[in-house]
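These are the residues of each chain, in order.
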Protein chains: 2
Amino acid sequence: MGVMEKIAVKPKTATKVAKVDKKTLPLDSILKMDCIEAMRSLPDACVDMVFADPPYNLQLGGDLQRPDGSQVDAVDDDWDKFDNFAAYDKFTQEWLAEARRILKPDGTLWVIGSYHNIFRVGATLQDQGFWILNDIIWRKSNPMPNFKGTRFTNAHETLIWAAKSDKARYTFHYRSMKTLNDELQMRSDWVIPICGGKERLKLNGTKAHPTQKPEALLYRILLACTNPGDVVLDPFFGTGTTGAVAKRLQRHWIGCERDSTYCKVAEERIEMALPLDESSLETMQSPKSQPRVAFGQLVENGYLRAGAQLTDKKRRFGAIVRADGSLVWNNKYGSIHKIGALVQNAPSCNGWMFWYYQTREGELKVIDELRQNYLLANEP
Amino acid sequence: MGVMEKIAVKPKTATKVAKVDKKTLPLDSILKMDCIEAMRSLPDACVDMVFADPPYNLQLGGDLQRPDGSQVDAVDDDWDKFDNFAAYDKFTQEWLAEARRILKPDGTLWVIGSYHNIFRVGATLQDQGFWILNDIIWRKSNPMPNFKGTRFTNAHETLIWAAKSDKARYTFHYRSMKTLNDELQMRSDWVIPICGGKERLKLNGTKAHPTQKPEALLYRILLACTNPGDVVLDPFFGTGTTGAVAKRLQRHWIGCERDSTYCKVAEERIEMALPLDESSLETMQSPKSQPRVAFGQLVENGYLRAGAQLTDKKRRFGAIVRADGSLVWNNKYGSIHKIGALVQNAPSCNGWMFWYYQTREGELKVIDELRQNYLLANEP
DNA sequence: CATTACGTTGAATCTGGGA
DNA sequence: GTCCCAGATTCAACGTAAT
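First, a word on scope: everything that follows refers to the structure included in this document. As a convention, each chain's residues are numbered from 1 in the sequence order in which they are written. Each chain gets a letter, beginning with A, and each ligand a number, beginning with 1, in the order they are written. Since the coordinates come from a predicted model, pLDDT governs what is reported: local features require at least 70, and pairs of side-chain atoms require 80 or more to be given and counted, while whole-chain, interface and lining totals use all residues. Each side-chain value is worked out from all heavy atoms of the structure, with water and hydrogens disregarded.

1. What to know about the overall build of chain A
A count of helices and strands for chain A gives 13 helices and 18 strands. Exposure categories follow from relative accessible area, calculated using a 1.4 Å probe and restricted to protein chains: below 20% of the type maximum is buried, above 50% is exposed, and the middle band is partly exposed. Taking all 380 residues of chain A together, the buried fraction comes to 53%. Areas reported as accessible are Shrake-Rupley estimates using a 1.4 Å probe. Residue values count occlusion only from the protein chains shown. As presented, chain A carries roughly 18,300 Å² of accessible surface, and 50% of it is formed by carbon and sulfur atoms. Counting from the N terminus, the helices are DSSP H or I runs at least four residues long and the strands are E runs at least two residues long.

Encoded structure:
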């Protein structure tokens, strides 16, 4: 188990990416225009995440406009689906290219879709160099049944999580996700109800947006893959689920939305959203973000004496601690990790978990416990 | 509830598609060559289903160790190596085009893949004119964990079910699936364990094939979307899961496989497989494939007299039966389904379940019961 | 013989900070 | 950019051995 610790904006962000002056960004506001045009107004590498819920109904020609307002394709009653796929692909290429440009090098992209469009979106983003990290299945606990009994009940939607490249060092709060999932690794299939009840926004008694996404979905995504203070852009903002959750989780957001009714609904909704208290935002952090403790510090501070014998759990191997914090085994010297790997003939080893010491009572205890004690005693 | 009835090859197949002489097909055998070459040797429109488990193009990096230091046995076979996406796409286009050609007009295609390849496969098959009916999520109950804690556990694979066109009259045994799923509609996410235990084929103590699929997966697919006697072709036969399940379910199969070791293992395995007894094959069938009973037959045979009054369950609407089996309501005439839809102002209605008649005892009973009685009394 | 303990394994794009 | 090396990281099912 790790130690509770506040999330801090990862320091590498400050040093590794081109510095973007957040003051010049339209943070926490909606750009009331076409998303491609909107993104073009932003500088390169300025956002930490893009979350996109693009249109997928190929017959809704209105959703396929170019930045200049012209129609991508004449979608009339005689529409040919091949022409339509081409038009949809072009639209997808355009908004993805802009999203890619404004993403920081270590930022990630999330897209949600159904079988109508997700294969085209996925192939396109791979073509553009995005590196898929996971595909995530949103399993709806209460999907609409297939009334005609002609197919399987369409009970899920698919999300793609992708980095800008295979080398990118993306944000992923593994430990938070594991905690959220009752101490088991979070899987790629998430059970979340569809958006309804009080959460579902209404206008004159009817739903304000046909495909409003549940906040729980965005909550998990933002918690897992961004840090407080990060900037999340949503090119198809709709009624602003992304903005509402971002505000709750103390992330900045930028929305793109042409429809003025949606904009109005979203603004009112986000205005009402309450940011979580900072203490509620504390999450389980990976030990990676704990201060490092050198094994030698433990020796130096008397947690273990030089000359003490360490063994593995089953007492198959024994090694001696030296004053500088190195171990000796079979006339070979090295770190706890190196010698641990050596005795097992393994390529690598976490010495903290491998080596045990004997207490005065004769009990074997893993040396990682000493490190935890040291950390507790030396907390800031 | 429907009636238990034997599956029969759907009659339309015999009349609608170009007749293929099954004697000329290499039924229930493996074509030991490249799948594209193999499919080219077959005539047009000769198979009812193609099930394909193509290489995933995994693009794995270096070795991967578990936390305990042991090595993960990766898929490093030559058949999964492609130079780039373009090469993989070309390969996909070629085998899909042949699969499309040999499929009967009402036949369907199933493909399985992971996020590495499924988006490319999905987009390609849409480009070729296939009409996606569902994407199905195979949720693994026991996936391999993400050992490094770097992503969400990849706990599923994706299948695509597609018809040759949007007009195709594909086979789907809705009722069998609903029965299989405890009287709930079968959803698009299926929980099935990975293939292990006795089912996992071994050679000299190690797995015979790195990616053997569970029979439960094929069982559900073949049961849902083929009829006994249908022909299923698998272009990437491997160790023959498709063949083994097809034999069990009394379907014909054709496999394509280049690797002679896989061929040998598959042949032995299928040889051992026992076809299910015909009585075990009886499953709940869709009302559509039951012998149709015209409502008029019931009138004709005295199950209901002309002039009788029908109502809905709550006696909100009343209609009169005419001698030809049509109903009258508000001076409007039509079938039980049409008038049922009309009175509710609904787009459609299953009249068999909507309309009730009154017994001599004054009890309301759904008219579907009369149909069931008629069917029982008139069984062959 | 029953139960527990331990070892093995599965389509995996699987580390990251500092010099 | 490369290199070095500390050190973080697993779930369910199945098979076999030990108790």
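Text resumes after the structure shown.
2. Some words on the relation of the copies chain B and chain A
The superposition of copies rests on a least-squares fit of C-alpha positions from residues with pLDDT of 70 or more in both. Between the two copies, chain B and chain A, the superposition gives an RMSD of 1.4 Å; the rotation angle is 179° and the shift along the axis is 0.0 Å. In short, the pair behaves as if placed about a two-fold rotation axis. Across chain B, the smallest distance between a C-alpha and the rotation axis is recorded for Phe119 of chain B, namely 1.7 Å. By definition, residues are in contact when any of their heavy atoms lie within 4.5 Å. With an isologous cut-off of 70% or more, the 90% of interface residues of chain B that recur at the interface of chain A puts this contact in the isologous class.

3. A short note on the protein's contact with DNA strand D
Close contacts around DNA strand D come from 26 residues, with Tyr174, Lys178, Ser335, His337 and Arg371 of chain A the closest. Definition of nearness: a residue and a molecule or strand are near each other if at least one heavy atom of the residue lies within 4 Å of the molecule or strand. Protein-proximal atoms of DNA strand D, defined as those within 4 Å of the protein, fall in sugar or phosphate at a share of 64%. Polar contacts here mean pairs of N or O atoms no more than 3.5 Å apart (in protein, one a potential hydrogen donor and the other a potential acceptor; neighbouring residues in sequence count only if both atoms are side-chain atoms). Between DNA strand D and the protein, one listed contact pairs a base nitrogen with a side-chain N or O atom of Asn350 of chain A at 3.4 Å. In this structure, Phe147 of chain B approaches DNA strand D through a main-chain N or O atom, which is 3.2 Å from a base oxygen. Residue composition of the surface near DNA strand D, grouped by class: 10 nonpolar, 10 polar and 6 charged. When residue character is reported, Ala, Val, Leu, Ile, Met, Phe, Trp, Tyr, Cys and Pro are called nonpolar, Asp, Glu, Lys and Arg charged, and the others, Gly included, polar.

4. Some points on the pattern of salt bridges
The salt bridge criterion pairs a side-chain nitrogen of Lys or Arg with a carboxyl oxygen of Asp or Glu, the two atoms within 4 Å. The final tally for this structure, using the stated rule, is 43 salt bridges over all chains. Glu94 of chain A is paired through a salt bridge with Lys90 of chain A; the nearest N and O atoms lie 2.8 Å apart. In this pair, Glu94 of chain A and Lys90 of chain A are both assigned in helix H3 (residues 81–102), 4 residues apart and thus about one turn of the helix distant. A salt bridge links Glu215 of chain B to Arg248 of chain B, with the nearest nitrogen and oxygen atoms 3.3 Å apart. Note that Glu215 of chain B is positioned in helix H6 (residues 215–225) and Arg248 of chain B in helix H7 (residues 241–248), a separation of 33 residues in sequence. The buried category is assigned to Glu215 of chain B, whose relative accessible area is 16%. Among the charged side chains, a salt-bridge network with shared partners connects Arg139, Arg187 and Asp189 of chain A together with Arg139, Arg187 and Asp189 of chain B.

5. Some words on the protein's contact with DNA strand C
Around DNA strand C sit 38 residues in total, of which Lys314 of chain A together with Gln59, Arg66, Tyr115 and Lys148 of chain B are the nearest. For DNA strand C, the backbone portion of the atoms within 4 Å of the protein, that is sugar and phosphate, comes to 44%. At 3.0 Å from a sugar or linking oxygen of DNA strand C is found a side-chain nitrogen or oxygen belonging to Thr150 of chain B. Between DNA strand C and Asn154 of chain B, the relevant distance is 3.4 Å, taken from a phosphate oxygen to a side-chain nitrogen or oxygen of the residue. Class assignment for the residues of the surface near DNA strand C results in 18 nonpolar, 8 polar and 12 charged.

6. Brief notes about the sheet that holds strand E2 (residues 29–31) of chain B
Residues and elements named next belong to chain B. Two strands make a pair as long as DSSP finds a minimum of two bridges between them. Here we have 8 strands laid out as an open sheet, ordered E2-E11-E10-E3-E4-E6-E5-E7, and mixed in their pairing. Edge strands, defined here as strands with exactly one partner in the open sheet, are E2 and strand E7 (189–192). Between one strand axis and the next, the sheet turns by 20° as a mean value, whatever way the strands run. One ladder, built from 6 bridges, connects strand E4 (residues 103–113) with strand E6 (residues 156–163); its direction is antiparallel. Within E6, the residue paired with Val111 across the bridge is Ile160. Lines fitted to C-alpha atoms define the axes here, with helix axes fitted over just the stretch in contact, and angles between the N-to-C directions of these axes take values from 0 to 180 degrees.

7. Thoughts on the nonpolar core
Residues Trp95, Leu109 and Leu125 of chain A together with Val47, Trp95, Leu109 and Leu125 of chain B are the most contacted members of the largest nonpolar core, which totals 69 residues. Apart from the residues lying within four places of it in its own chain, the contact partners of Leu125 of chain A are Leu96, Leu109, Val111, Phe130, Ile132, Ile160 and Ala162 of chain A. Leu58, Leu159, Ile192 and Trp253 of chain B belong to the second-largest nonpolar core, a separate cluster that totals 41 residues. Put simply, a nonpolar core is a bunch of buried Ala, Val, Leu, Ile, Met, Phe, Trp, Tyr and Cys residues held in one set by side-chain atoms that sit within 4.5 Å of each other.

8. Quick notes on the packing of H7 of chain B against helix H8 (residues 260–272) of chain B
Residue and element names in this part refer to chain B. Remark: H7 packs on H8, axes separated minimally by 9 Å, with the N-to-C direction vectors making an angle of 15°. One element, H7, and the other, H8, form an angle in the roughly parallel class. Classified by chirality, the crossing of H8 by H7 is right-handed. Residue-level contacts link Thr241, Gly243, Ala244 and Lys247 of H7 to Arg269, Ile270 and Glu271 of H8. Of the residues in the contact of H7 with H8, the class split is 2 nonpolar, 2 polar and 3 charged. Angles below 35 degrees are treated as roughly parallel, those above 145 as roughly antiparallel, those between 65 and 115 as roughly perpendicular, and all remaining angles as oblique. With the far helix as reference, a near helix turned anticlockwise by less than a right angle produces a left-handed crossing, and one turned clockwise produces a right-handed crossing.

Purely geometric stuff here, so don't read any function into it on its own.
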